[in-house]
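In case you want the letters, here they are:
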Amino acid sequence: MTVINRERLAALVKRERESYALNFPQSRAAFERAGGHLLGGVPMTWMRMWPGGFPVYQAAARGARLSDIDGHELIDFCLGDTGAMAGHSPAPVADAIARRYAELGGATTMLPTEDAAWVAGELARRFGVSHWSFTLTATDANRWAIRVARQLTGRPKILVFNYCYHGSVDESFIVIGPDGRPRSRAGNVGAPVDPAVTTRVVEYNDPVALERELAHGDVAAVLMEPALTNIGIVLPDEGYLTQVRELTHGTGTLLINDETHTFSAGPGGCTMAWGLRPDIVTIGKSIGGGVPSGAYGLNTSLAEQILGDDSADIIDTGGVGGTLAGNALSVAAMRACLDSVLTDAAFAAMTEVATRYTESVRAALSAQSVPWSITQLGARAEYRFAPEPPANGGESAAAADELLDEYMHLYTVNRGILMTPFHNMALMSPATTEADVDAHTAVFTAAVTELLG
Ligand SMILES: Cc1ncc(COP(=O)(O)O)c(C=O)c1O
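The text that follows walks through the structure, step by step, so that each part is easy to find.

Parameters and conventions
- Residues numbered from 1 in each chain as written.
- Predicted model: local features only at pLDDT ≥ 70, side-chain atom pairs only at ≥ 80, totals over all residues.
- Heavy atoms only, no water.
- Buried < 20%, exposed > 50% of the residue type's maximum accessible area, 1.4 Å probe, protein only.
- Helix = DSSP H or I, 4+ residues; strand = E, 2+ residues; numbered from the N terminus.
- Pairing = 2+ DSSP bridges.
- Near = heavy atom within 4 Å.
- Polar contact = N/O pair within 3.5 Å; in protein donor to acceptor, adjacent residues only side chain to side chain.
- Areas by Shrake-Rupley, 256 points an atom, 1.4 Å probe, with all protein chains shown as cover.
- Nonpolar A, V, L, I, M, F, W, Y, C, P; charged D, E, K, R; others polar.
- Patch = residues over 30% accessible without salt bridge, like charges linked within 9 Å, V, L, I, M, F, W, Y side chains within 5 Å.
- Salt bridge = Lys/Arg side-chain N within 4 Å of Asp/Glu carboxyl O.
- Core = buried A, V, L, I, M, F, W, Y, C linked by side-chain atoms within 4.5 Å.
- Contact = heavy atoms within 4.5 Å.

### Here we look at the pairing of strand β2 (residues 65–68)
In step 1: The alternating pattern of β2 places Leu-66 and Asp-68 on a buried face, while none of Arg-65 and Ser-67, on the opposite face, is buried.
In step 2: Hairpin connection of strand β1 (residues 58–62) to β2: two residues between the antiparallel strands, including Gly-63 at a positive phi of 60°.
In step 3: Pairing between β2 and strand β3 (residues 73–76): three bridges, direction antiparallel. By the bridge assignment for β3, Leu-66 is matched with Leu-74.
In step 4: Here β2 folds back onto β3 in antiparallel fashion, the turn holding four residues, of which Gly-71 has a positive phi close to 90°.

### Quick notes on the site of the ligand
In step 1: In the region of the ligand, 13 residues are neighbours, and Thr-139, Asn-230, Asp-258, His-261 and Lys-285 sit closest.
In step 2: Here an oxygen atom of the ligand and a side-chain polar atom of Thr-139 are 2.6 Å apart.
In step 3: The protein chains hide 84% of the 390 Å² of surface that the ligand would expose on its own.
In step 4: Tallied by class, the residues present in the shell around the ligand amount to two nonpolar, eight polar and three charged.

### As for a nonpolar patch on the surface
In step 1: Taken together, the side chains of Met-44, Trp-46, Met-49 and Phe-422 make up a nonpolar region of the molecular surface, amounting to roughly 430 Å² of accessible area.
In step 2: Positionally, Met-49 belongs in the loop between α2 (25–34) and β1.
In step 3: Note on Met-49: relative accessible area 49%, which makes it partly exposed.

### Topic: the nonpolar core
In step 1: By size, the foremost hydrophobic cluster in this structure holds 66 residues, and its most contacted members are Tyr-357, Trp-372 and Tyr-383.
In step 2: Sorting elements by how many residues they give to this core places helix α12 (residues 344–367) first, with nine residues.
In step 3: The contact partners of Trp-372, leaving out residues within four places of it in the chain, are Ile-4, Leu-365, Tyr-383, Arg-384, Phe-385, Ala-386, Pro-387, Leu-404, Met-408, Phe-444, Val-448 and Leu-451.
In step 4: Counting 26 residues, the second largest nonpolar core, distinct from the first, contains Ile-146, Cys-164, Ile-280 and Tyr-296.

Right, dumping it as structure tokens:
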């Protein structure tokens, strides 16, 4: 296997940073002007994570293309880190939004519209759980799902996997420390309590550890992505998800599948693609075609229990809420997106394009004996700086390489390809073409060739 020369890498990163500053002067100027009143110079502080010292400023975006204020057109494989998996501003969603907001009027009224029940029925068809409630983000879907799970089981804790990400959910910012003990994730800001008080954490793909932790009998729910997607993509070992279901059932623990990213696996995410039987499903980001939307679904028995629980305030100040949740605009967008854009047929095509992407990157790596691997999950694929795909979050975290990340992101954006920041993830929308993939392959191959020298 080829060894990467770090001095060469550092010199290339320096060169790419300089080109980035030259290529995107208007973005840089806009970023500098914004510093006066935006915290950190960006609308949300994570936007500082883009490589190169400042983010590209968006001008417009349609389908799988995005243009910036310097006049470049970029092929967008980031797609808003899944928020735009439907492609940017697909026509059916644009029409539904215009109709609801401009023609009919009434984006948010505290009253239901008929779109909501249609969307709930479609989510039930896709994800198997019967009763749905809406939020504006996937984070909130997870927060409310956790609260409902605690209420219904009377248990205090949840269990998550090492290096998971489920949004800004306090309970989930926990990792296994070098001493094997749970500890707060580095940088956790203003945690209300030490997450070790609220949460158990185990490695993904380790049924023995899961059995040991669930045996305490104090876990309300396991909150999991069926495949990890936020520390590279980590796929389940054969039979692992069956073991998870058996262990949760056996200990009276609820199972929450967070399908926010794993929705890429197909029209009903991994839940449908792999025949899973979670008690609760959460989802967000993409289902509204880019309009803020999220949802959580409960199986029939949980739905009956929560509605029949007189001690649960699910109306007002009980901790589950959101004035704009389920608003007429976001349910109209969700309906159009699920009905006409992220359809069963669209997923088949997106997966085919993602397979082309994965195979081309794999071929480029193998042609030059580069010690990286790539993993695909339906419409998404991600390469990782490890010769074999990591088996769990801890292994995958150990393969992180910030400088290599920066090199690949800057090299690609400087040549018209936008990758997802803090991932090496590429996502295919219904608008992404084989030609887009081939353009990436050429740039990726050139990046690797220059790196190896
Ligand atoms: C699996 C998963 N769940 C939930 C979220 C939270 O989504 P949001 O930030 O839109 O609330 C994320 C965000 O990346 C995610 O990856």
